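Summary of the model geometry
Listed below, chain by chain, are the residues.
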Amino acid sequence: MTRSLINLRDLSRDELLEVLALSELPIADLGAPMNGLGAALIFEKPSNRTRHSMEMAVVQLGGHPVYTRGEEIGFDTREPVEDVAAIMSGYHAIICARVFKHSVVERLAVAASVPVVNMLSDHSHPLQGLADVLTMRQELGELKGKTVAWVGDWNNVARSLAEASSLLGMSIRVGAPNGYQADPRELDDIQSLGASDINQFTSPEEAVAGADVVHTDVWTSMGQEAENAARLKAFAGYSVTEDLMKRAKAEALFMHCLPAHRGEEVAAEVVDGPASRVVKQGHNRMHSARGALAFLLGVKP
Ligand code: CP
Ligand code: NVA
């Protein structure tokens, strides 16, 4: 099976470091590995950052991105996922998909003869996790021994951030209400990737204590809209406010994958304040996407 990027835990620590190194190389040094080649970008859900950063990353590597909405492709309705993978493998050097069901990207990766990239599923968001650790490393230097706190839903973004952070030897603290926490067995498994420590709390104050970075995301992810009212109730008290940030290290940074809901998971004063690195993090989506594509195409840093 060709190498794909479905979850960050599929990378070794050294491979993750390679992707990060490629992400920071000048574009000219990457040698246009997609010259004359296509990239399929299929979106079953809306996107700003992922679509634009991936389209630009493909262009920067010399390739041609082809954007298609999920409805036009119709995974398993218009035709089976496996037929899409087989046909697109003849047109493109890489197939990328943002999907509702994680099993769809897994099946694409099995059936395609070119690399497949998960551009967000209900399970994980590996391209986001890459930008997150790239940003933390640029801000904090060596990440081994540093602490990242996740406040909110244990979701796709949380999982990819935790996997990447663990591979880099960070300490991870999760703060989430009952019913929205990580399965402790999954946390054990993520810890086995290299984290110095992983702990989970119901108290957001305990979760952020001593953290170098506080990270959050929306309480209701795409596809969960029917649960919105219940989630607003469950997550009341989990907003990242200036008061909550005071429990972290004095110089702690705030991060968010965006889009952000000011007044819900984060206060405007925090996401728009001096500790926030969300714009740099968003811009790094393009640099890390370029690094990830170059890695999958066999470029060495
Ligand atoms: N963070 C992120 O994936 O943003 P988009 O949904 O806008 O792509
Ligand atoms: N957890 C969010 C991330 C959006 C980039 C979602 O899946 O909607």
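Basis of the calculations
- Residues numbered from 1 in each chain as written.
- Chains lettered and ligands numbered in written order.
- Predicted model: local features only at pLDDT ≥ 70, side-chain atom pairs only at ≥ 80, totals over all residues.
- Heavy atoms only, no water.
- Pairing = 2+ DSSP bridges.
- Helix = DSSP H or I, 4+ residues; strand = E, 2+ residues; numbered from the N terminus.
- Axes fitted to C-alpha atoms, helices over the stretch in contact; angles between N-to-C directions.
- Near = heavy atom within 4 Å.
- Polar contact = N/O pair within 3.5 Å; in protein donor to acceptor, adjacent residues only side chain to side chain.
- Nonpolar A, V, L, I, M, F, W, Y, C, P; charged D, E, K, R; others polar.
- Contact = heavy atoms within 4.5 Å.
- Expected span 1.5 Å × (residues − 1).
- Buried < 20%, exposed > 50% of the residue type's maximum accessible area, 1.4 Å probe, protein only.
- Core = buried A, V, L, I, M, F, W, Y, C linked by side-chain atoms within 4.5 Å.
- Parallel < 35°, antiparallel > 145°, perpendicular 65-115°, else oblique.
- Left-handed = near helix turned anticlockwise from the far one by under 90°.
- Right-handed = clockwise from strand over helix to strand, strands pointing away.
- Areas by Shrake-Rupley, 256 points an atom, 1.4 Å probe, with all protein chains shown as cover.
- Phe/Tyr/Trp six-rings, centres within 6.5 Å; stacked < 30°, edge-to-face > 60°.

A look at the sheet that holds strand 4 (residues 116-118)
Strand order in the open sheet formed by 4 strands is 2-1-3-4, and the pairing between neighbours is parallel. The strands lining the two open edges of the sheet, one partner per strand, are strand 2 (64-69) and strand 4. Pairwise comparison of adjacent strand axes, ignoring direction, gives a mean angle of 20° for this sheet. As defined by bridge partners, strand 3 (residues 94-98) adjoins strand 4 across 3 bridges and the pair is classed as parallel. Note on strand 4: the bridge partner recorded for Ile 95 is Val 116.

A word on the site of ligand 2
In the vicinity of ligand 2, the contacting residues are Leu 120, Asn 155, Asn 156, Val 157, Asp 217, Ser 221, Met 222 and Leu 258. Asn 155 has a polar side-chain atom sitting 3.3 Å from a nitrogen atom of ligand 2. Looking at side-chain class alone, the shell around ligand 2 contains 4 nonpolar, 3 polar and 1 charged residues.

Looking at the sheet that holds strand 5 (residues 147-151)
Spatially, 7-6-5-8-9 is the arrangement adopted by the 5 strands of the open sheet, whose pairing is parallel. This sheet does not close on itself; its edge strands, each paired only once, are strand 7 (197-201) and strand 9 (253-256). Within the sheet, the average angular offset between the axes of one strand and its neighbour, ignoring direction, is 20°. Of the strands in this sheet, strand 8 (213-216) and strand 9 are in contact with helix 13 (residues 278-296), which crosses strand 9 at around 45°.

A look at helix 1 (residues 13-24)
In an α-helix, one turn spans 3.6 residues, which is why side chains three or four residues apart end up on the same side. For helix 1, spanning 12 residues, the distance from its first C-alpha to its last is 17 Å, which sits close to the expected 16 Å at 1.5 Å a residue. All of the buried residues along helix 1 are Leu 16, Glu 18, Val 19, Leu 20, Leu 22 and Ser 23. The inward-facing, buried residues of helix 1 contact helix 6 (126-140), helix 7 (156-167) and helix 13.

A short note on the nonpolar core
The biggest cluster of nonpolar side chains holds 57 residues, and the ones touching the most others in it are Met 54, Val 117 and Met 136. Beyond its immediate sequence surroundings of up to four residues, Val 117 is in contact with Leu 5, Met 54, Ile 94, Ile 95, Cys 96, Ala 97, Leu 127, Leu 293 and Leu 296. Within the second largest apolar cluster, 21 residues are counted, among which are Phe 235, Met 245, Ala 260 and Val 266.

Re the packing of helix 6 against helix 7
The N-to-C vectors of helix 6 and helix 7 enclose an angle of 50°; their axes lie 8 Å apart at closest approach. Relative to helix 7, the element helix 6 is oriented oblique. Relative to helix 7, the crossing made by helix 6 is right-handed. For the pair helix 6 and helix 7, contact is made by Pro 126, Gln 128, Gly 129, Asp 132, Val 133 and Met 136 and by Val 157, Ser 160, Leu 161, Ala 164 and Ser 165, respectively. The class makeup of the residues in the contact of helix 6 with helix 7 is 6 nonpolar, 4 polar and 1 charged.

Some words on the side chain of Ser 171
On the secondary structure map, Ser 171 appears in strand 6 (residues 171-175). On the basis of relative accessibility, which here comes to 12%, the residue Ser 171 falls in the buried class. The residues touching Ser 171, leaving out its near neighbours within four places in the chain, are Lys 146, Thr 147, Val 148, Ser 196 and Asp 197.

Some details on the pairing of strand 5
Counted residue by residue, strand 5 has 5 buried out of 5 residues, so it is predominantly covered. Alternating residues of strand 5 divide into Thr 147, Ala 149 and Val 151 and Val 148 and Trp 150, and every residue in both groups is buried. In terms of strand pairing, strand 5 meets strand 6 through 5 bridges, oriented parallel. When the bridges of strand 6 are listed, Trp 150 appears paired with Val 174. Read from strand 5 through helix 7 to strand 6, the crossover connection turns out right-handed. Examined bridge by bridge, strand 5 and strand 8 share 4 bridges and lie parallel to one another.

Topic: the site of ligand 1
Taken together, Ser 47, Asn 48, Arg 49, Thr 50, Arg 98, His 125, Gln 128, Cys 257, Leu 258 and Arg 285 make up all the residues around ligand 1. Measuring from an oxygen atom of ligand 1, one finds a side-chain N or O atom of Thr 50 at 2.7 Å. About the coverage of ligand 1: the protein hides 95% of its 250 Å² of free accessible area. Split by residue class, the shell around ligand 1 holds 2 nonpolar, 5 polar and 3 charged.

Here we look at the packing of aromatic side chains
Applying the stated rule across the entire model yields 4 aromatic pairs. Aromatic side chains Phe 43 and Tyr 67 sit 5.5 Å apart centroid to centroid with 35° between the ring planes, which places their arrangement in the tilted category. Pair noted here: Phe 43 is in strand 1 (residues 38-43) and Tyr 67 is in strand 2, with a separation of 24 residues, a long-range link. Under the relative-accessibility criterion, Tyr 67 is labelled partly exposed at 29%. Considering the side-chain rings of Phe 235 and Tyr 238, the 6.2 Å spacing of their centres and the 85° angle between planes classify their relative orientation as edge-to-face. Using a relative accessible area of 9% as the deciding quantity, one classes Tyr 238 as buried.

In short, geometric facts, not functional conclusions.
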